Amino acid sequence: TLIILSCFFMSSAFAGDDTRDKAYDRIMASNTIRCGYYVWPPYMTRDPNSQKLGGFFHDMMEEMGKALNLKIDWVSEITFDAMFEGYVSGKYDMVCAPVAATPARARASDFTQPFMYAAYYLYARDGDTRFDGTYAKVNDKNVTYASLDGDMNEIIGKEDFPNAKKFSIGQNAAGTDPLMAIKTKKADVSVLDPVAANNFMKANPKSIRQVKGGPVRVMPLTYSVPIGEEKLKAMLNITLQNMIELGTPEKIIKKYPDLDSTLLRIPKPYEIKK
């Protein structure tokens, strides 16, 4: 009986292994990484005429492809609230735009090591100073918090301000629509990255303001891969670490000066004095 049970457990383990590293094997066979991606100007852009993708995160992934001698195929645009669904159908091998790793997302995805960090700040209507230096006041049932379904600002709203009333915006909306909700008095506050917010404020002067205080949250930016893709994750981690040591992110970001003061770099693990 013991022998039979042992054989059963061993065969079950090997059966589970059959589902692992499928994306990695496809990539190695085709020399191509099929990418799921989202458009989030100015980080990830798409020209309305040519439909060509661009932006810092697009360039980062293309450089990774060059380092690995692999083609990057941008096969599927995704939404934040359904970004991992393509793993089940095998529609794409990974999400090639950055994803902030959170415990909730870890139920459906694995993640590479961080290659940068992003700060998220609190925004309110122009002239509204209630929350300056006192973010805890947002956590009130009389305060309305706007967020985009599945986006990081929705996660932050639920975790940091659970008592605030929520104004949810669907996935077909623009990334800055939570700020538009503040401008039109449908909401009081939201959390967003400062580059997108600054661009909104330039286009809509005297509409919203950054609440005085530090970041509400600083989150690691990673790439998402399907759970069980240990070979793929290891390959990407080695490549990302090499790119950080070579200063590749710094070279790319010089093309996008608006992002320079926003994206927080990971320092090299060593410094050679000359």
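Each residue is numbered by its place in its chain's sequence as written, counting from 1. pLDDT decides what is reported in this predicted model: residues at 70 or higher carry local features, side-chain atom pairs at 80 or more are listed and counted, and totals for whole chains, interfaces and linings draw on all residues regardless. The side-chain numbers reported here are obtained from all heavy atoms of the structure, hydrogens and water having been left aside.

**Student:** Help me understand empty space enclosed by the protein, please; the structure alone is not making it clear to me.
**Tutor:** The rolling of a water-molecule-sized probe over the atoms marks out the regions of remaining empty space. The rule is simple: put a 1 Å grid over the protein atoms alone, call a set of points where a 1.4 Å probe fits but cannot get out a cavity, call an open set with protein on both sides within 12 Å along at least five of seven lines a pocket, and count a residue as lining if it has an atom within 4 Å of a point. Grid points are joined across faces, edges and corners, and a volume is the space filled by probe spheres set on the points. Counted by the stated rule, this structure contains one cavity of 30 Å³ or more. Estimates place the volume of the largest cavity at around 290 Å³. In this structure, the largest cavity is lined by 22 residues; those nearest its centre are Tyr38, Trp40, Tyr120, Asp151 and Leu221. By the criteria applied, helices consist of DSSP H or I runs no shorter than four residues and strands consist of E runs no shorter than two, each listed in order from the N terminus. Those elements giving two or more residues to the lining of the largest cavity turn out to be strand 5 (94-100), strand 7 (116-125), helix 5 (152-160) and strand 10 (189-192). Its residues assigned to classes, the lining of the largest cavity comprises 17 nonpolar, two polar and three charged. For this scheme, ten residues count as nonpolar: Ala, Val, Leu, Ile, Met, Phe, Trp, Tyr, Cys and Pro. Four count as charged, namely Asp, Glu, Lys and Arg, and the remainder, Gly too, count as polar.

**Student:** Would you take a moment to explain the pairing of strand 10 for this structure?
**Tutor:** Using a 1.4 Å probe on the protein chains alone, a residue whose accessible area is under 20% of its type maximum counts as buried, one over 50% counts as exposed, and one in between counts as partly exposed. Of the two faces of strand 10, the one carrying Val189 and Val191 and the one carrying Ser190 and Leu192 are both buried. Two strands are counted as paired when DSSP detects at least two bridges linking them. Strand direction decides the pairing type here: strand 7 and strand 10, joined by four bridges, are antiparallel. Paired with Tyr121 across the strands is Leu192, a residue of strand 10.

**Student:** Explain a nonpolar patch on the surface to me, please; I cannot follow it from the model alone.
**Tutor:** Patch membership requires more than 30% relative accessible area and the absence of a salt bridge. Residues of like charge join within 9 Å; the nonpolar side chains Val, Leu, Ile, Met, Phe, Trp and Tyr join within 5 Å. Per-residue and other accessible areas were derived by the Shrake-Rupley procedure at a 1.4 Å probe size, with only the shown protein chains allowed to occlude residues. For salt bridges, the criterion is a side-chain nitrogen of Lys or Arg within 4 Å of an Asp or Glu carboxyl oxygen. Together, Tyr117, Val218 and Leu264 line one region of the surface with nonpolar side chains, adding up to about 220 Å² of accessible area. Within the secondary structure, Leu264 is located in strand 13 (residues 263-264). Residue Leu264 is classed as partly exposed on the basis of its relative accessible area of 34%.

**Student:** In this structure, what is going on with a positive patch on the surface? I would like to understand it.
**Tutor:** Only four residue types enter the tally: Lys and Arg on the positive side, Asp and Glu on the negative side, with His and both chain ends excluded. We put the charge of a Lys on NZ, of an Arg on CZ, of an Asp on CG and of a Glu on CD. A cluster of basic residues, Lys251, Lys254, Lys268 and Lys274, forms a positive patch at the surface. Mapped onto the elements, Lys274 comes out in the segment after strand 13. For Lys274, a relative accessible area of 99% gives the class exposed.

**Student:** Before we go on, may I ask you to explain the pattern of salt bridges in this structure?
**Tutor:** Once their charged atoms are close, side chains differing in charge can pair, the charge on each being opposite to the other. Inspection of the entire model under this criterion finds 15 salt bridges. The partner of Lys158 in a salt bridge is Glu154, and the shortest N-O contact between them spans 3.7 Å. A residue pair is termed a helical-turn pair when its members lie 3 or 4 positions apart in one helix, as Lys158 and Glu154 do in helix 5 at four residues. By relative accessible area, Lys158 is classed as exposed at 53%.

**Student:** I tried to follow the packing of helix 3 (residues 56-68) against helix 8 (residues 230-246) on my own but got confused; where do I start?
**Tutor:** Packed helices, taken two at a time, are described by the angle between their axes plus the distance between the axes. Their axes nearest at 10 Å, the elements helix 3 and helix 8 cross at an angle of 105°. By the angle between their directions, the pair helix 3 and helix 8 is classed as roughly perpendicular. Contacts between helix 3 and helix 8 involve Met60, Glu63, Met64, Ala67 and Leu68 from the former and Met235, Leu236, Thr239, Leu240 and Met243 from the latter. All axes here are fitted lines through C-alpha atoms, helices being fitted over the stretch that makes contact, and every angle between N-to-C directions spans 0 to 180 degrees. Should an angle fall under 35 degrees it is taken as roughly parallel, and over 145 as roughly antiparallel, whereas 65 to 115 is taken as roughly perpendicular and any remaining angle as oblique. Contact criterion: two residues are considered in contact whenever any of their non-hydrogen atoms come within 4.5 Å of each other.

**Student:** When you look at the environment of Leu264 in this model, what are you seeing that I'm missing?
**Tutor:** As a C-alpha pair, Leu264 and Gly86 span 178 residues in sequence and 29 Å in three-dimensional space. Aside from chain neighbours lying at most four places away, what touches Leu264 is Met116, Tyr117 and Val218.

**Student:** Please clarify how unusual backbone geometry should be interpreted in this entry.
**Tutor:** Excluding glycine, residues mostly have negative phi values, and the peptide bonds linking residues are mostly trans. Of note in this structure, Asp21 is not a glycine but carries a positive phi near 60°. By the element assignment, Asp21 lies in the loop between helix 1 (2-17) and helix 2 (22-30). Although it is not a glycine, Gln51 sits at a positive phi angle of roughly 65°. By the element assignment, Gln51 lies in the loop between strand 2 (45-46) and strand 3 (53-54). Owing to a relative accessible area of 46%, Gln51 belongs among the partly exposed residues under this scheme.

Note that all results are geometric; they support no functional claim without further evidence.
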